[in-house]
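# Coordinate inspection notes
The residues making up each chain are set out below.
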Amino acid sequence: MPALLSVELFEIVRVVLVRRAKTAGLAGTVWTAAEQSAWQQHGTLTLLVLALNNNSLLMRLWDTSSVREPIVKILPWFEHASGQITAMCLSPRAEWLACVCRNHMIYLVPCYTLLTGGRPKVSNWSLQDITAINQAEKQSLASCVAWWETHDNRQIIIIGSKSGRIVFIDLVLRQEVCSIQVLSSVASIELLGMTSAKATYLLIRVEEGQTWRMILESPSEVLVSDGSLDWSARDTAAEFVSCLDGDKMPEHFYPTQFKLLHVDVKLSSQQRKGQLFMAVHDLITQRFELWNADMDLQDQALFTYKLLRRASMLQFTETVTFVVCQEDKQPPSLHVLSSQLAASIPATNEPPQEEPGSSDTVLQSFTLPSDEKLLGIYLCHQPSDGNSETASIEQDQISHSVLDSCFVVTSQGVYHCRQKMSPEDIFLEMATRCDTSDTTDKLGIALQLDICGLYQIAGERRLARNEYSHAMRLFRLANCPSMKLVKMFIEKGRISEIMSYLEMVLSDQDTQSPGDPKALADCLLHCYVQQILEVRSERELHAKLVEKLSQFVNDNFAYDDQSAMKLLARNGLVDLTLQVAKARAKVGEATDLLVKQGSLQLRAQHAASLTSTDHALVMATCYDGLLDVPSHMSVFIQ
């Protein structure tokens, strides 16, 4: 584990195990294994389906907001070779499974009803059994499939085939409504819905590695004559135009190729702060870029991240990025990266050289079984309010972050990489344990935490345990307001710590103290007086404190002189009162104050400090001569 984390932020657990058992397959006796997977999340509902080679489907339904165990069910499938599933996908609401088989039939499975007994929101087909839809395209096997729910709630299945033909089938009408042809076999298709523009794209990747883009639907106002999209013309009340409109598809809906991208680039859709972006993953340089809605790759990427060597699969969130790496002759590994740190590293055109687990961006690493084939990695959003990818839970006056998790699907099981501890708890543990703040600060930056707020909480915990020096260090790291800090320590009766802190803050000219210098100086003066009064019986210590206060009142100009003289006079510190008066040229006010306080006699050592003519005249006129001075000073005044 990298040095950045000394405790586990995430843990990985196997939630589904496909037991290795001999089974009769199409190619003879084989070991039971998953061959395909499909995933969908709608709100807090997640549905995962595995197609097993023993002619069965494994379905797992889990509500991320519930403490109930996931619902798992095995559904028998066709045993004949013609019923073998070549591609499958789930509906956007995680209710239905669409399977395209070798016999060119489409089968709709009511997963939600079979697992819960409830009625799905989209219920146009049988809820008691699978629904079979005959596919018009029978020239080539399906290689991929996607479920498109249009803006007007039409349920469309998009099927990509090995012949390069892409067919659009209306599942309610049970007929083909559109088709296009690309140059080679279709490897994958993915829907990219821009929520801000309410437009929908289809990303098409062919076997040779090229990627194509197709506009499926968009507001009519943003579609210009050349087929591009002008977002400045967007109108929320606009009518939509679609590739399904009319008997013949308009030319501007036909796919266009990303010619600037080489074959070792993967395109996908990713979210950041609730906004959907097109993600570009360069498998050679391991640059990961997020582009805006119009997907004009001739511009500059909005966000760029540096990934790990041999990164093959990933799921991105604003806080962490889950990356699967496959090194030569090494078992595959899952790494949890800090998205913030990955964005701070300059992304060059050179491939990364360091080992994946040694990168400074890695928070944790997990080794996956070497004898299991990777099928996919899926992001699971945790319950959150608003558009933030990071939810929070209020507990013990701390807002605990709830990070998204991921599911890694292999031929023999499903692994859930999920949060084990709160990032805030890890930070607080490190803050109270470490003498240096560098590692703790790096963790706070990596996970985008409220660093000052957490240092403040750590300081309060130390203070509650009477660990005053540690608490003071943490409060200073938190940039705690000085007067708030002073109040907390005074309530604990820790005057000496407060005096040391105030002396340091007021003497350091380069430090921008988080407080009013005048208020801090007044507070320090009160602390001095309090200490002097407490140690009057200890002559040596008393003399040292008086000397330090004398130096303070003569050197510092931030404190309020009127308040200082009143405080000193009220506590019988006549000499210090007169020192303030001399330093601020307010001897007259000081002598008046002494008389008011009942100090009608001026000792010799006090009078000796006022031997200048100006001060003597002030003393002579003070309260019509009520101030009593030594006899030799009386002659001088006369």
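Higher on the page you've got the structure.
Reading the values: the criteria
- For every chain, the first residue of the written sequence is number 1, and numbering continues from 1 onward in sequence order.
- Per-residue local features of the predicted model are confined to residues with pLDDT of at least 70, and side-chain atom pairs are confined, for both listing and counting, to 80 or more; whole-chain, interface and lining totals are unaffected and use all residues.
- Each side-chain value is worked out from all heavy atoms of the structure, with water and hydrogens disregarded.
- Helix axes use the C-alpha atoms of the stretch in contact, all axes being lines fitted to C-alpha atoms, and the angles between their N-to-C directions lie in the range 0 to 180 degrees.
- The helix and strand labels rest on DSSP assignments: H or I over at least four residues marks a helix, E over at least two residues marks a strand, and numbering proceeds from the N terminus.
- Oblique is the label for any angle not covered by the other classes, which are roughly parallel (under 35 degrees), roughly antiparallel (over 145) and roughly perpendicular (65 to 115).
- Crossings are assigned a handedness: left-handed for a near helix turned anticlockwise from the far helix by less than a right angle, right-handed for a clockwise turn.
- For this analysis, residues touch if any pair of their heavy atoms sits within 4.5 Å.
- As a working rule, the residues Ala, Val, Leu, Ile, Met, Phe, Trp, Tyr, Cys and Pro are called nonpolar, Asp, Glu, Lys and Arg charged, and the rest polar, with Gly in that last group.
- Here's how the labels work: a residue is buried when its accessible area is under 20% of the maximum for its type, exposed when over 50%, partly exposed in between, all with a 1.4 Å probe on protein chains only.
- By convention a nonpolar core is built from buried Ala, Val, Leu, Ile, Met, Phe, Trp, Tyr and Cys residues, the set being connected through side-chain atoms within 4.5 Å.
- Take a side-chain nitrogen of Lys or Arg and a carboxyl oxygen of Asp or Glu: if they are within 4 Å of each other, that pair is a salt bridge.
- At least two bridges found by DSSP between two strands is the condition for calling them paired.
- Expected span of a helix, by definition, is 1.5 Å for each gap between consecutive residues, and there is one gap fewer than residues.
- Under the rule applied, a polar contact is a pair of N or O atoms within 3.5 Å (in protein, one hydrogen donor and one hydrogen acceptor; residues adjacent in sequence only if both atoms are side-chain atoms).

Another aspect to go through is the packing of helix α5 (residues 451-464) against helix α6 (residues 468-477). Axis separation between α5 and α6 bottoms out at 8 Å; the angle between their running directions is 165°. With respect to α6, the axis of α5 lies roughly antiparallel. Viewed along their axes, α5 and α6 form a crossing whose handedness is left-handed. Note on element contacts: α6 touches α5 through Tyr468, His470, Ala471, Leu474, Phe475 and Leu477, opposite Cys452, Tyr455, Gln456, Ala458, Gly459, Glu460, Arg462 and Leu463. Taken together, the residues of the contact of α5 with α6 sort by class into nine nonpolar, three polar and two charged.

What follows concerns unusual backbone geometry. Located in the positive-phi region is His104, a residue other than glycine, with phi close to 65°. Mapped onto the elements of the fold, His104 is located in the loop between β9 (97-101) and β10 (105-109). With phi around 55°, Gln448 is a residue other than glycine that occupies positive phi space. Mapped onto the fold, Gln448 is located in the loop between α4 (438-446) and α5. Given a relative accessible area of 34%, Gln448 falls into the partly exposed group.

Ranked by size, the top nonpolar core spans 47 residues in total, and within it Phe489, Leu525, Leu549 and Phe552 carry the most contacts. Residue contributions to this core peak at nine residues, all from helix α9 (residues 517-534). When neighbours within four sequence positions are excluded, Leu525 is seen to be in contact with Leu549, Phe552, Val553, Tyr559, Ala564 and Leu567.

This paragraph deals with the pattern of salt bridges. In this structure the tally under the stated criterion is 17 salt bridges. The salt bridge partner of Glu467 is Arg462, with a shortest N-O separation of 2.2 Å. For Arg462, a relative accessible area of 10% corresponds to the buried category. One salt bridge in this structure joins Arg465 and Glu467, with 3.5 Å as the shortest N-O distance. Assessed through its relative accessible area of 48%, Arg465 is described here as partly exposed. One network of salt bridges, in which partners are shared, links Arg462, Arg465 and Glu467.

Our next topic: the sheet that holds strand β25 (residues 311-316). On the basis of which strands lie adjacent, the open sheet formed by four strands has the order β25-β26-β27-β28 and antiparallel pairing. Two strands in the sheet have a free side with no partner beyond their single neighbour: β25 and β28 (362-367). If you compare each strand with its neighbour and ignore which way they point, the axes differ by 20° on average. In the sheet, strand β26 (residues 320-325) pairs with strand β27 (residues 333-338) via six bridges, with the strands oriented antiparallel. Bridged to Val320 within β27 is Ser338.

Another aspect to go through is the environment of Arg154. Its location among the elements puts Arg154 in the loop between β12 (142-149) and β13 (155-161). Apart from residues no more than four positions distant in its own chain, Arg154 is found in contact with Trp148, Glu149, Asp170, Val177 and Leu244.

What follows covers α5. Its 14 residues give α5 an end-to-end C-alpha distance of 20 Å, which sits within 8% of 20 Å, the value for a rise of 1.5 Å per residue. Of the residues making up α5, those classed as buried are Ile451, Leu454, Tyr455, Gln456, Ile457, Ala458, Gly459, Arg462 and Leu463. The elements touched by buried residues of α5 are β31 (398-402), α3 (423-433), α4, α6 and α7 (482-491).

With respect to the helices and strands, the residue Val324 is situated in strand β26. Put simply, Val324 and Ser312 are 12 residues apart on the chain and 5.9 Å apart in space, counted from C-alpha to C-alpha.

A few words on the side chain of Asp404. In this fold, Asp404 is placed in the loop between β31 and β32 (405-410). Residue Asp404 is classed as buried on the basis of its relative accessible area of 3%. Here the side chain of Asp404 touches His381 through a polar contact of 3.1 Å, side chain to side chain. At 3.0 Å, the side chain of Asp404 and the backbone nitrogen of Gln382 are in polar contact.

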